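Structural description and commentary
Below, each chain spelled out in residue letters.
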Amino acid sequence: MTNYQFPAHFWWGSAASGPQTEGCVSGDGKGENIFDYWYSKEPEKFFNQVGPGKASQVYTKYKEDVQLMKQTGHNSFRTSIQWSRLIPEGIGEVNPKAVEFYHSYFDELIENGIEPFVNLYHCDMPMALQEKGGWLNRETVEAYERYAKICFELFGTKVKKWFTHNEPIVPVEAGYLYRWHYPEESDMKQAVQIGYHEALASALAVKAYHEMELEGQIGIILNLTPSYPRDEKNPEDVKAAAIADAFFNRSFLDPAVKGEFPQELVAIVKELGIMPAINEGDLTIIKENTIDLLGINYYQPRRVKAKETPIDQENGPMPEDYFDNYQMPGRKMNPYRGWEIYEKGIYDILVNVRENYGNIECFISENGMGVENEARFIKEDGMIHDDYRIEFVQEHLKYVHQAIQEGSNCLGYHMWTCMDNWSWTNAYKNRYGFISVDLSNDGKRTIKKSGYWFKELSDKNEMIL
Ligand code: BGP
């Protein structure tokens, strides 16, 4: 038996987002975001045609939910403010009902001993801004800076952990490269501009937050997918993996932590003639306003080999012009989500952050396993016996523990997610939560076996395996 003891005050909890959980009720004053709009136009693009309208009804059920968080061992919980709820048009009037809701939600968490971690942007561009180009338009950066300041002014004395974005690469790749999300574009020039504006917006929010001298920290949440070459001894594979790493990880990690973009990426973008529009002074803002705290979302590794297939000319330049994705024989898969499970990846990320990013304070801000049709695991006790999820977390935590033993500044572990929630085009297909949500029974919540297990883990702050 090994005793995996975690540091005192370790953050145990989970993560969610406003657009995936809150839902809308009539008269709440929320404006439309790109997902609300997209669903209204093309519901068939969403699993079982379930849209974000109701989600998990957290807007009305949050008090009950906070009690469930307590029962599942949370000492911290991350959600996001919905920009389109707080400022329905993205710019202009603040919605007083949203102010009231978020105050009450955060108070409820704090009164129950759960620290709210609050993110400002989780893929949910207000539609009024998207109509003018969204992140393509420099005015969105200004609107975001104002929105961030309003959030800090309203909630900055009670919320002490802020995040500028969750996975800013997702709007880039999903919206502007691979057509997974609205507006379903595939244009690398636009993708580069989007990413640049997000990075700049993040630095501006960090600047504003620090200038307000509030007592707290601000960071960013990145989905880091370590890039492994097919063959570590093959220089072409190693080079391909390094380029993939620059595109998908360092594109945001470097500016957020080091204040500069990776040279390898800048060289490619210059060579392609698709440099973003950069205003005078922007790069100084990015250089001088780096984050205090890094959130790391980890689900899967990226495996890469040297380019072997012909370059696809159809869409103009794409990241895959520089490498091929590689399927490692014998890899372990989560078949529902189609993602490889590779536990050691979480350790490799933490080592990289320790060695190459000044061992900045960080935490695992998302990790988890989405499984379809979990009702089949309900036993006589009426509970979902998600032993696979417990095992998944245990195996990742072993590596988190090892990284901490070796000096990583990892301060916590948040699971995706607290209760089953609406996952973009996958809607409610794959369930990730510690707590199930029964959509056929007004969103009835039931704690899963993993939720009780997590409570014990968090109470003891150790895992004996
Ligand atoms: C992360 C996102 C979450 C959540 C999760 C699960 O990348 O930050 O919003 O959705 O992935 O992924 P999915 O919902 O695609 O299964």
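This text goes with the structure placed above it.
Here's what I pulled together on the structure shown here.

On a plain count of helices and strands, the protein chain comes out with 15 helices and 19 strands. What you see for the protein chain is a C-alpha radius of gyration of 21 Å, in line with the 23 Å of a compact globule of 465 residues. C-alpha atoms of the protein chain, sized along the principal axes, occupy 60 × 55 × 45 Å. Excluding contacts between residues fewer than 6 apart, the proportion of contacts in the protein chain whose partners are at least 24 apart in sequence is 77%. In the structure as shown, the protein chain presents an accessible area of about 18,400 Å², 49% of it carried by carbon and sulfur atoms. Charged side chains of the protein chain number 48 positive and 70 negative; the gap between the two group centres comes to 3 Å.

Residue position: Ser 14 is located in strand β2 (residues 11-15). In this structure the side chain of Ser 14 is engaged in a polar contact, spanning 2.7 Å, whose partner is the side chain of His 74. When sequence neighbours within four positions are dropped, the list of residues in contact with Ser 14 reads His 74, Ser 76, Phe 77, Arg 78, His 414, Met 415, Thr 417, Cys 418 and Phe 434.

To continue, consider the pairing of strand β9 (residues 302-305). Each regular strand shows side chains that alternate between the opposite faces of the sheet. Of the two faces of β9, the one lined by Arg 302 and Val 304 and the one lined by Arg 303 and Lys 305 are each fully buried. The pairing of β9 with strand β10 (residues 324-325) spans 2 bridges and is classified as antiparallel. In the strand pairing of β10, Val 304 is matched with Asn 325.

This part covers a nonpolar patch on the surface. Residues Met 275, Ile 278 and Leu 283 make up a contiguous nonpolar surface patch of roughly 230 Å² in combined accessible area. A residue is classified by how much of its surface remains accessible, and Met 275, at 33% relative accessible area, is partly exposed.

This paragraph deals with the packing of aromatic side chains. For any pair of aromatic rings, the description consists of the separation of the ring centres together with the inter-plane angle of the planes. The tally for this structure, following the rule as stated, stands at 48 aromatic pairs. Their ring planes at 65° and their centres at 4.9 Å tell us that Phe 10 and Trp 12 sit as a pair that is edge-to-face. Overall, Phe 10 belongs to the buried group, its relative accessible area being 2%. Centre to centre, the rings of Tyr 121 and Trp 135 are 5.3 Å apart; their planes meet at 80°, and the pair counts as edge-to-face. Here Tyr 121, found in the loop between β4 (115-119) and α6 (127-130), pairs with Trp 135, found in the loop between α6 and α7 (138-155); they are 14 residues apart in sequence, far enough to count as distant. Of the residues examined, Tyr 121 reaches a relative accessible area of 2% and is grouped as buried. Overall, the relative accessible area of 3% leaves Trp 135 in the buried class. Of the aromatic side chains, those joined through ring pairs into one cluster are Phe 35, Tyr 37, Trp 38, Tyr 39, Phe 46, Tyr 182, Trp 422 and Trp 424.

The next subject is the site of the ligand. As a structural note, the neighbourhood of the ligand is formed by Gln 20, His 122, Asn 166, Glu 167, Tyr 299, Arg 337, Trp 339, Glu 366, Trp 416, Ser 423, Trp 424 and Tyr 432. For the ligand, the accessible surface in isolation is 380 Å², of which the surrounding protein chains cover 91%. A breakdown of the residues in the shell around the ligand according to their chemical character gives 5 nonpolar, 4 polar and 3 charged.

Quick look at the pattern of salt bridges now. Between side chains of opposite charge, pairing is possible as soon as their charged atoms come close. Using the criterion set out here, one finds 35 salt bridges in the structure. Put simply, Arg 85 and Asp 28 hold a salt bridge, and the shortest N to O gap is 3.1 Å. Highlighted residues: Arg 85 in helix α4 (residues 83-86) and Asp 28 in the loop between α1 (18-21) and α2 (34-41), separated in sequence by 57 residues. Between Lys 45 and Glu 184 there is a salt bridge, with its nearest N and O atoms 3.0 Å apart. With Lys 45 in the loop between α2 and α3 (58-71) and Glu 184 in the loop between α8 (169-176) and α9 (188-211), the pair connects residues that are 139 residues apart, well separated along the chain. Owing to a relative accessible area of 32%, Lys 45 belongs among the partly exposed residues under this scheme. Several salt bridges share partner residues, and in doing so they unite Glu 374, Asp 386, Arg 389, Asp 420, Arg 431 and Lys 448 into one network.

Bringing the nonpolar core into the picture now. Grouped together as the largest cluster of nonpolar side chains are 135 residues, with contacts concentrated most on Ile 81, Leu 86, Trp 162, Leu 294, Leu 397 and Val 400. Looking at this core, the element that brings in the most residues is α9, giving 14 residues. Membership of the second largest hydrophobic core comes to 6 residues, among which are Phe 117, Phe 163, Ile 221 and Phe 363.

The residue Met 419 is located in the loop between β15 (410-416) and β16 (430-431) in this model. When its relative accessible area of 4% is taken as the criterion, Met 419 is described as buried. A sequence separation of 266 residues divides Met 419 from Glu 153, and the C-alpha atoms of the two residues are 29 Å apart.

Further remarks concern the sheet that holds strand β13 (residues 362-366). With respect to topology, 8 strands assemble into a closed barrel ordered β2-β3-β4-β5-β6-β8-β13-β15, the strand pairing being parallel. Looking at each pair of strands side by side, their axes are set apart by 25° on average, direction ignored. Relative to strand β8 (residues 293-297), strand β6 (residues 217-223) runs parallel, the two being bridged by 5 bridges. By the bridge assignment for β8, Asn 223 is matched with Asn 297. Those strands touched by α9 are β5 (161-166) and β6, and its axis lies near 165° from that of β5.

Cut-offs and rules
- Residues numbered from 1 in each chain as written.
- Predicted model: local features only at pLDDT ≥ 70, side-chain atom pairs only at ≥ 80, totals over all residues.
- Heavy atoms only, no water.
- Helix = DSSP H or I, 4+ residues; strand = E, 2+ residues; numbered from the N terminus.
- Rg over C-alpha atoms; globule rule 2.2 N^0.38 Å.
- Contact = heavy atoms within 4.5 Å.
- Areas by Shrake-Rupley, 256 points an atom, 1.4 Å probe, with all protein chains shown as cover.
- Lys, Arg positive; Asp, Glu negative; His and termini not counted.
- Charge placed at Lys NZ, Arg CZ, Asp CG, Glu CD.
- Polar contact = N/O pair within 3.5 Å; in protein donor to acceptor, adjacent residues only side chain to side chain.
- Buried < 20%, exposed > 50% of the residue type's maximum accessible area, 1.4 Å probe, protein only.
- Pairing = 2+ DSSP bridges.
- Patch = residues over 30% accessible without salt bridge, like charges linked within 9 Å, V, L, I, M, F, W, Y side chains within 5 Å.
- Salt bridge = Lys/Arg side-chain N within 4 Å of Asp/Glu carboxyl O.
- Phe/Tyr/Trp six-rings, centres within 6.5 Å; stacked < 30°, edge-to-face > 60°.
- Near = heavy atom within 4 Å.
- Nonpolar A, V, L, I, M, F, W, Y, C, P; charged D, E, K, R; others polar.
- Core = buried A, V, L, I, M, F, W, Y, C linked by side-chain atoms within 4.5 Å.
- Axes fitted to C-alpha atoms, helices over the stretch in contact; angles between N-to-C directions.

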